[in-house]
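Residue-level structure breakdown
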Amino acid sequence: MTEPTVNEDQNPLTKPKFIISAVVVAIIVALGVILALVPRGGGTASPEPSTSTSSSSSQPTATAAASVCGLPSGDQAKPATTPADTKWELVGKIAAPTSPTQFGPGKTEANGLRSCFAHSPTGALYAAANMTALSASGKADLVYQQLAVPGPERDAVLKPSPTAAPNSVTAQLAGFTFRSYEADRAVIDLAFKGANGTFVSIPVPLQWYEGDWKFVVPATGDTGARQLSDLSGYVEWAGV
């Protein structure tokens, strides 16, 4: 697939004023797209986060699979088509999938935090979409404080840093693909579409940790967000 060429002088991802913390929210004004969970210094063709691959039907053990809010693990096959009967809720201005008794979020707090997702590929997909929507809605710090795997990488991105002014430009989820999935780790690649039709890929690395899917801050600080020319290779999935 040929990716669109972006002039370096016009690419806000290369300009410090658009970089918020280490892996929070970067705004691509020229493309009319919000990238959530995008690292500092990210470019248009970053390496993919490394993770091991496994069978699409990997089965978690009974103890390890226990959901923090009691959601059933359910089907362990990776969805190859649009999840049936998806219901959507606005998180800020972005439509996020919701299935409180099947896939998650099983818990929604007063501060907007959405957590507890099923220990399954579809649960991981719902988790990735909700985390990205939360981050893009201005709650990135909350995502990293409550929904990220503890470790030095997460600690580094939580250090105080300059923030950017809010921006009204948004994008909507348009599709997904699984880069990898096993019982306790996954990388879900989400495609977002801007108002002008531009697509952006945002890979979301996840780990099953203490009964829920949590975001894994890559050791490099780079999730590998990039521009797409179209949705080839993605399952189309949108609430708006």
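The shown structure was predicted, so the numbers you read here are calculated from the model rather than taken from an experiment.

Let us look at the overall build of the chain. Within the chain one finds three helices and 12 strands. Burial statistics for the chain: of 240 residues in total, 53% are counted as buried. Within the chain, residue pairs in contact and separated by at least 24 positions form 64% of the contacts whose partners lie at least 6 positions apart. Surface summary for the chain: the accessible area is close to 10,700 Å², and the carbon and sulfur share equals 50%.

The subject of this paragraph is the state of the cysteines. Taken as a whole and assessed by the stated rule, the structure comprises one disulfide. There is a disulfide in this structure between Cys69 and Cys116, and the S-S distance comes to 1.8 Å. In this structure the cystine formed by Cys69 and Cys116 twists about its S-S bond by roughly -85 degrees; its chirality is therefore left-handed. Of this pair, Cys69 sits in the loop between helix H1 (62-65) and strand S3 (87-91) while Cys116 sits in the loop between strand S6 (114-115) and helix H2 (121-146), and the two are 47 residues apart along the sequence.

This part takes up the environment of Ser201. Looking at the secondary structure, you find Ser201 in strand S9 (residues 199-209). A relative accessible area of 0% means that Ser201 is categorised as buried. Considering only alpha carbons, one finds Ser201 and Ala225, 24 residues apart in sequence, at a separation of 5.5 Å. Setting aside anything within four residues of it in sequence, one finds Ser201 in contact with Arg179, Asp189, Leu190, Ala225, Arg226, Leu228 and Tyr234. Only 2.7 Å separates the side chain of Ser201 from the side chain of Asp189, close enough to count as a polar contact.

Take the pairing of strand S7 (residues 171-181) next. Burial within S7 is extensive, with nine of its 11 residues counted as buried. Between S7 and strand S8 (residues 185-194), which follow one another and run antiparallel, lie three residues. When S7 meets strand S12 (residues 235-236), the two strands line up antiparallel, connected through two bridges. Each bridged residue has a counterpart across the sheet, and for Gly175 the counterpart in S12 is Glu236.

This part takes up the nonpolar core. With 41 residues, the main nonpolar core has Ile188, Leu190, Leu206 and Trp213 as its most contacted residues. Secondary-structure elements contributing two or more residues to this core are strand S4 (94-98), H2, S7, S8, S9 and strand S10 (212-215). Counting residues in hydrophobic clusters, the runner-up holds six residues, among them Ala174, Ala191, Leu228 and Leu231.

We now examine the confidence of the model for the chain. Across the chain, the average pLDDT comes to 75, with 68% of residues at or above 70. Scored below 50 in pLDDT, residues 1-63 makes 158 contacts in the model with residues more than four places away or belonging to other chains. Taken as a whole, residues 164-168 scores under 50 in pLDDT and shows seven contacts with residues more than four places along the chain or in a different chain.

What counts and how
Residues numbered from 1 in each chain as written. Predicted model: local features only at pLDDT ≥ 70, side-chain atom pairs only at ≥ 80, totals over all residues. Heavy atoms only, no water. Helix = DSSP H or I, 4+ residues; strand = E, 2+ residues; numbered from the N terminus. Buried < 20%, exposed > 50% of the residue type's maximum accessible area, 1.4 Å probe, protein only. Contact = heavy atoms within 4.5 Å. Areas by Shrake-Rupley, 256 points an atom, 1.4 Å probe, with all protein chains shown as cover. Disulfide = S-S within 2.5 Å. Polar contact = N/O pair within 3.5 Å; in protein donor to acceptor, adjacent residues only side chain to side chain. Pairing = 2+ DSSP bridges. Core = buried A, V, L, I, M, F, W, Y, C linked by side-chain atoms within 4.5 Å. pLDDT = per-residue confidence, 0-100.

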